[in-house]
Amino acid sequence: MQKTFIGPHLRRLRTERGETQGAMARALGISTSYVNLLENNERSVSVPVMLRLFEVYGIDWRDIADEDGSSQLADLRAIIQDPIFDAGRPDLAQIRAALVHSPTLASAFLTLHRAYQSATDQLLALSGAAAGAEPILASSPESAVHSYFRRHRNHFREIEDAAEAFWGSDPIETDEVYSLLKRRLRERLGIAVRVVSVADMPNTLRRHDEARRDILLSEALDYPNRVFQLVHVIGLIEQRALLDALLARSGLTDSRGLARCRVELANYFAAAVLMPYGRFLKEARDSKYDFDHLATRFGVSFEQACHRATTLQREGAQGVPFFFLRIDKAGNVTKRFNSTDFHLAEHGGACPRLDVHTSFRTPGRIVPQFVEMPDSSQYFVISRTVDRPTSARHAQDNRLAVAMGCAVEHAGDIGYAEQFTVSGARMTPIGINCRICPRTNCDQRAHHAAILSRPIDERRRGATRYDS
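Report follows, based on the coordinates. Note that the coordinates shown come from a computational prediction; the quantities given were computed from them, not determined experimentally.

What counts as what
- Residues numbered from 1 in each chain as written.
- Predicted model: local features only at pLDDT ≥ 70, side-chain atom pairs only at ≥ 80, totals over all residues.
- Heavy atoms only, no water.
- Axes fitted to C-alpha atoms, helices over the stretch in contact; angles between N-to-C directions.
- Helix = DSSP H or I, 4+ residues; strand = E, 2+ residues; numbered from the N terminus.
- Parallel < 35°, antiparallel > 145°, perpendicular 65-115°, else oblique.
- Left-handed = near helix turned anticlockwise from the far one by under 90°.
- Contact = heavy atoms within 4.5 Å.
- Nonpolar A, V, L, I, M, F, W, Y, C, P; charged D, E, K, R; others polar.
- Phe/Tyr/Trp six-rings, centres within 6.5 Å; stacked < 30°, edge-to-face > 60°.
- Buried < 20%, exposed > 50% of the residue type's maximum accessible area, 1.4 Å probe, protein only.
- Pairing = 2+ DSSP bridges.
- Salt bridge = Lys/Arg side-chain N within 4 Å of Asp/Glu carboxyl O.
- Core = buried A, V, L, I, M, F, W, Y, C linked by side-chain atoms within 4.5 Å.
- Arc of directions from axis to C-beta.

### Re the packing of helix 9 (residues 141–151) against helix 14 (residues 255–274)
Okay, so step 1: Two elements in contact, helix 9 and helix 14, have axes separated by 9 Å at closest approach and are oriented at 50°. Taken as axis vectors, helix 9 and helix 14 run oblique relative to one another. Note that helix 9 runs across helix 14; the crossing there is right-handed. Only Arg256, Gly257, Arg260, Cys261, Glu264, Leu265 and Tyr268 of helix 14 make contact with helix 9, whose side of the interface consists of Pro141, Glu142, Val145, Tyr148 and Phe149.
Okay, so step 2: Among the residues making up the contact of helix 9 with helix 14, the classes are represented as seven nonpolar, one polar and four charged.

This is how it looks when you write it as structure tokens:
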């Protein structure tokens, strides 16, 4: 059973009510020393104490459970690898202590470093922009949404509950889903579904015309994507109140960020409906995370099956924690989700040493790789290309690549790693991306890290022009 630590939240609860540790101890029927241990995360909270908190303070344990601590710890560990901290890098124990004793300060530090990264990006954009070009002055909507999902460890229990109630108790056959969704839209919502030609709806895969009460799907969409689009629209309509509530708690204020987040939450709902949590987790474990098998079994695409695997973080029924990364042929990161300690590139491209880039040479084949980050953390990663819907001759090579990775200690649960001896596997040294990677002698470095101040020695030429 997973232990639950509530230290910072319990301390905040107590101080907001102006109570001493002794007063809280008397109210909960426990010792003052136990309250102290709980506040310092030196003890996990027991079920009786949780129930007593509800009785005395009217607090639901889910509202004070430390849901974001693991993601904050991962973000802090990644941030301190920035070369700016080379002179004095705090160790893991110090980081944990900061989260326990000064959670607000740790959160402020994360906010400050994100602002610093944003300012760095603005300077880089200004220095490389054409005359008169407008720099980006704020984080993109995608970055803001990624941070929101990251805080929730890429798992939303309210959406999972709504998705589990979608079909009711009757099992649904995969080949019946499309017709059942069309019937649901027609009978419950009064919306018709039509498949139209590419010529009639150019450059658009799906359009919901609210005035005419119909959904138009492009003939360029294959069966799994037609199904996904219908559940997505149903989620936007039927789960509007739930999505509104989640957005209200997201901390997002920018209209573009809110709109993007609504789309991603509806995508989450669609995936949860088509790949029910319990069934998908069992099939994933039984198949050792064979994503081709999972895609076939649930009638979804390879990419959709990968994305769903990153959300299996329900307390007491957790799957392997994965990160998901999707890139285009130029190396730009076009989608990312994360339930691991791995820090994904927020700006620009991914590390060129990741084999997700070379997977374009072998379309459709799984490319396995073991990698090591600058902080010595190690991961097992698989990469594979995925094809996007195409509708014209000049767009036939509309191909992207996805990477799925997990901490190396989970490699034994992954069938793709069975051919390797994990303890002796060759690790490829990688970084987040060149902008902040401290590996100055990397033969794949594309440019100086933004804040490295190593002097240039004109008498020496290293493996790259940036290593002198």
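### Examining the packing of aromatic side chains
Okay, so step 1: Inspection of every chain in the model, using the stated rule, returns 18 aromatic pairs.
Okay, so step 2: Taken together, a centroid distance of 6.4 Å and an interplanar angle of 15° make the contact between Phe291 and Tyr416 stacked. Of this pair, Phe291 sits in helix 16 (residues 291–298) while Tyr416 is found in the loop between strand 10 (399–407) and strand 11 (428–429), placing the two residues 125 residues apart along the sequence. Summarising the burial analysis for this pair, Phe291 and Tyr416 share the class buried.
Okay, so step 3: An aromatic cluster is present here, built from Tyr148, Phe149, Phe156, Tyr268 and Phe337 joined pairwise through their rings.

### Comments concerning the sheet that holds strand 11
Okay, so step 1: Taking strand neighbours across the sheet as the criterion, the six strands line up as 7-6-10-9-8-11 in an open arrangement whose pairing is mixed. Edge positions in the sheet fall to strand 7 (333–338) and strand 11, since each of these pairs with one other strand and no more.
Okay, so step 2: Both strand 9 (residues 378–387) and strand 10 contribute to a ladder of nine bridges, which runs antiparallel. What sits directly across from Thr385, in strand 10, is Ala401.

### Brief notes about the pattern of salt bridges
Okay, so step 1: Using the criterion set out here, one finds 21 salt bridges in the structure.
Okay, so step 2: With a closest N to O distance of 3.2 Å, Glu283 and Arg297 form a salt bridge. Here Glu283, found in helix 15 (residues 277–286), pairs with Arg297, found in helix 16; they are 14 residues apart in sequence, far enough to count as distant.
Okay, so step 3: Under the relative-accessibility criterion, Arg297 is labelled partly exposed at 40%.
Okay, so step 4: Notably, a salt bridge pairs Glu303 with Lys335, separated by 3.1 Å at the nearest N-O pair. Here the residue Glu303 occupies a position in helix 17 (residues 302–309), and Lys335 occupies one in strand 7, the gap between them amounting to 32 residues.
Okay, so step 5: Three or more residues joined by partner-sharing salt bridges are found here, namely Glu303, Arg326, Lys335 and Arg388.

### Some words on the nonpolar core
Okay, so step 1: Core analysis: the largest hydrophobic core is formed by 73 residues, its most contacted members being Phe149, Leu265, Phe291, Phe322 and Phe380.
Okay, so step 2: For Phe322, the contacting residues outside a window of four places in its chain are Tyr289, Phe291, Ala309, Thr310, Phe337, Asn338, Ser339, Thr340, Met404, Gly405, Cys406 and Ile414.
Okay, so step 3: Grouped together as the second largest cluster of nonpolar side chains are 19 residues, Phe323, Leu325, Ala350 and Val381 included.

### Regarding the sheet that holds strand 2 (residues 206–209)
Okay, so step 1: The three strands are arranged 1-3-2 in an open sheet whose pairing can be described as mixed. Pairing within the sheet leaves two strands with one partner each, and these edge strands are strand 1 (192–196) and strand 2. For this sheet, the mean angle separating the axes of adjacent strands, direction not counted, is 20°.
Okay, so step 2: In the sheet, strand 2 pairs with strand 3 (residues 214–218) via four bridges, with the strands oriented antiparallel. When the sheet's bridge partners are listed, His208 is paired in strand 3 with Ile215.
Okay, so step 3: Docked against the sheet, helix 11 (residues 177–189) engages strand 1 and strand 3, running at close to 130° with respect to strand 1.
Okay, so step 4: Against the sheet, helix 12 (residues 223–238) makes contact with strand 1, strand 2 and strand 3, and its axis sits at roughly 150° relative to strand 3, the strand it touches most.

### Structural notes on helix 3 (residues 32–39)
Okay, so step 1: Within helix 3 the residues assigned to the buried category are Tyr34, Val35, Leu38 and Glu39. Down the axis of helix 3, the buried set is contained in an arc of 135°. They therefore lie on one face.
Okay, so step 2: Just beyond helix 3, the residue with positive phi is Asn41, at close to 55°.

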